[in-house]
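# Report on the structure
Listed below, chain by chain, are the residues.
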Amino acid sequence: MVFSSSLFIFYFLPIFLIFYHFSKNVSYKNIVILLFSLLFYSWGAPYYVFVVVGFTIFDFYVVQFMHNQTNERRKRLLLMLSITTNLGLLAYFKYANFFVDNFNNLLMHIGFHAITWTKVVLPIGISFFTFQALTYSIDVYRKIHAPAKSVLQYLVFVTSFPQMIAGPIVRYTAVADQLPYREEKLDDKLIGVYRFCIGLAKKALIANVMAEQADAIFDGDLINLHAKEAWAGMLAYTFQIYFDFSGYSDMAIGLAKMMGFHFPENFNSPYISKNISEFWRRWHITLGNFMRDYLYIPLGGNRVKSKSRLFFNLWLVFILSGLWHGAAWNFVLWGAFHGLFLILDRLFLIKILNKLGSIFSILFTFIIVMFGWVIFRLEKMEDIVLYFKGLFNFETSSYESSMEFKTILVIAFLFAFIAVSPIGKKLVVFFYEKENYSLKANTLFMILSIVLLILSVSAITSSGFNPFIYFRF
């Protein structure tokens, strides 16, 4: 089930909200969240829900046992058990096919027969909920927060439907105090509704239109690709992935607010970044923070003794970030591509870009990011090479895009870059960062939300094209 479906908007969400808000206390509300979350997950993966619940309960008791230990060695062993269990689950379901396929290719290359293997089906959302579980065991071990008081609270933390499938990656410490008690304010509920409608509009009115154009070009004839078509496809995918993922994050944050939870922000106008280092502080913020705090800093962070070690750590973190997205070599290459520009930033690139001014820096960074999305979008290396050739094939082309695509492309461009101007920045703060509004502003927001909801639902029901990119991760 996806947030931008008629089933979710007209049936699942209203029924959930009725049960949730008529529950008499937070314990009953948590039970309602858990039951509806399991139903939400079971809709797409009925068998894997038992795996998720079973491993989550096991992890809860391992961490509980670890927390009560006074022997430091035993504590470390129990932490390793929790980490190994979670990463083992991720490794088996997400990467087993990848490693076996590559091993078979190697065997056949040196003249041996391939081993037989039954393909493992990937449970949706596994990359997100395993990372959340890791924050729990590590933060409890570091004594940043005490463990959950009951297995129910821990199950709600890992499986709650707003974030379970595609994030944001919510750390345990971010919501630990909200699991046993949360103040539900009318302002939060209203802002939650507005945020959900804005996210839905981003997805249904912009990302879906961009997706149809991107799919037509990326899945088309890459051998005879010309620059006009290739750049249109690259722009379409660049805006599709941004409005798709940030729209989903908006909906997740909005749903959480309706329940009294406060999830972290996941995007901050990433396409106005002046360098790749800044881009990664604005794009998928919760993943970037996770990789920094749970991998980069334990590797030594910025305090290592040599620059070569620092650059190796940076590159390793981004290669693993790429691999986190998917078990394919193009994701590894995409991570290495971004890691390379982060190293270049540290060596000289930021200094040069600062001298060339904001407009050039933003344009340069945007083009680098777009090139990266080509690598991200195409799984086969030969297709990536063909696409880059197409970007610089300036022969005459008969390609013409539709008026709908051109119109939505302009709108996407305006919204993606609006924060580059002082007025646009104030608008972003007004829409995304305020915690309450006047009666007049609430009235305007409510009208805007209703209009966006009607337009979005109309687009969804008339199109039938509604995939979420990050569901596959």
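Counting 142 residues, the largest nonpolar core has Phe-3, Phe-8, Phe-239, Tyr-271, Trp-283, Trp-373 and Tyr-387 as its most contacted members. Examining the composition of this core, we find that 18 residues originate from one element, helix 10 (residues 227-259), more than from any other. Ignoring any residue separated from it by four or fewer positions in sequence, one finds Tyr-271 in contact with Thr-238, Phe-239, Ile-241, Tyr-242, Phe-279, Trp-283, Ile-362, Phe-366, Val-369, Trp-373, Ala-416 and Phe-417. Listed in part, the 5 residues of the second largest apolar core include Ile-191, Tyr-194, Ala-441 and Phe-445.

All right, on to helix 19 (residues 439-463) then. In this model, helix 19 (25 residues) spans 36 Å end to end at C-alpha, consistent with the 36 Å of a helix rising 1.5 Å per residue. Those residues of helix 19 that sit buried are Ala-441, Asn-442, Phe-445, Ser-449, Leu-452, Ser-456, Val-457 and Ile-460. In this fold, the buried residues of helix 19 make contact with helix 1 (6-21), helix 9 (186-218) and helix 18 (422-432).

With that settled, consider unusual backbone geometry. Residues other than glycine seldom take positive phi values, yet Lys-143 does so here, at roughly 65°. By secondary structure assignment, the location of Lys-143 is in the loop between helix 5 (126-141) and helix 6 (151-159). Taking relative accessible area as the criterion, Lys-143 reaches 64% and is therefore assigned exposed. One non-glycine residue with positive phi stands out, namely Ser-269, at about 45°.

The next subject is the packing of helix 10 against helix 15 (residues 358-377). Put simply, helix 10 and helix 15 touch, their axes get as near as 9 Å, and they point 90° apart. Here helix 15 runs roughly perpendicular to helix 10, going by the angle between their axes. Between helix 10 and helix 15, the residues in contact are Trp-231, Met-234, Leu-235, Tyr-237, Thr-238, Phe-239 and Ile-241 and Phe-366, Met-370, Phe-371, Trp-373, Val-374, Phe-376 and Arg-377, respectively.

A separate point is the layout of surface pockets. Approximately 1,000 Å³ is the volume found for the largest pocket. Among the secondary structure elements, those contributing two or more residues to the lining of the largest pocket are helix 9, helix 10, helix 11 (276-282), helix 15, helix 17 (403-417), helix 18 and helix 19. The biggest single contributor to the lining of the largest pocket is helix 18, with 7 residues. Here the lining of the largest pocket is built from residues that sort into 26 nonpolar, 7 polar and 10 charged.

This part covers the packing of aromatic side chains. The tally for this structure, following the rule as stated, stands at 68 aromatic pairs. Measuring from ring centre to ring centre gives 5.3 Å for Trp-280 and Phe-318, while their planes differ by 75°; the resulting arrangement is edge-to-face. Here the residue Trp-280 occupies a position in helix 11, and Phe-318 occupies one in helix 13 (residues 307-325), the gap between them amounting to 38 residues. Look at Trp-280 and you get buried, because its relative accessible area is 11%. Over the ring of Tyr-20 we find Lys-29; its NZ or CZ atom is 4.6 Å from the centre of that ring. Looking at Lys-94, its charged tip hangs above the ring of Trp-324, at a distance of 5.5 Å from the centre.

A few words on the packing of helix 3 (residues 48-68) against helix 6. Any two packed helices are characterised by the angle at which their axes cross and by the distance between the axes. In contact at an axis separation of 10 Å, helix 3 and helix 6 are set at 125° when each is read in the N-to-C sense. Accordingly, the angle class assigned to the pair helix 3 and helix 6 is oblique. In this structure, helix 3 crosses over helix 6, and the sense of that crossing is right-handed. Together, Val-52, Val-53, Thr-56, Ile-57, Asp-59, Phe-60 and Tyr-61 of helix 3 and Val-151, Tyr-154, Leu-155, Val-158 and Thr-159 of helix 6 make up the contact between the two elements. Classifying every residue of the contact of helix 3 with helix 6 gives 9 nonpolar, 2 polar and 1 charged.

Criteria and thresholds
- Residues numbered from 1 in each chain as written.
- Predicted model: local features only at pLDDT ≥ 70, side-chain atom pairs only at ≥ 80, totals over all residues.
- Heavy atoms only, no water.
- Core = buried A, V, L, I, M, F, W, Y, C linked by side-chain atoms within 4.5 Å.
- Buried < 20%, exposed > 50% of the residue type's maximum accessible area, 1.4 Å probe, protein only.
- Helix = DSSP H or I, 4+ residues; strand = E, 2+ residues; numbered from the N terminus.
- Contact = heavy atoms within 4.5 Å.
- Expected span 1.5 Å × (residues − 1).
- Axes fitted to C-alpha atoms, helices over the stretch in contact; angles between N-to-C directions.
- Parallel < 35°, antiparallel > 145°, perpendicular 65-115°, else oblique.
- 1 Å grid on protein atoms, 1.4 Å probe; cavity = no way out; pocket = protein on both sides within 12 Å on 5 of 7 lines; lining within 4 Å.
- Points joined across faces, edges and corners; volume = space filled by probe spheres on them.
- Nonpolar A, V, L, I, M, F, W, Y, C, P; charged D, E, K, R; others polar.
- Phe/Tyr/Trp six-rings, centres within 6.5 Å; stacked < 30°, edge-to-face > 60°.
- Lys NZ or Arg CZ within 6 Å of the ring centre and 35° of its normal.
- Left-handed = near helix turned anticlockwise from the far one by under 90°.

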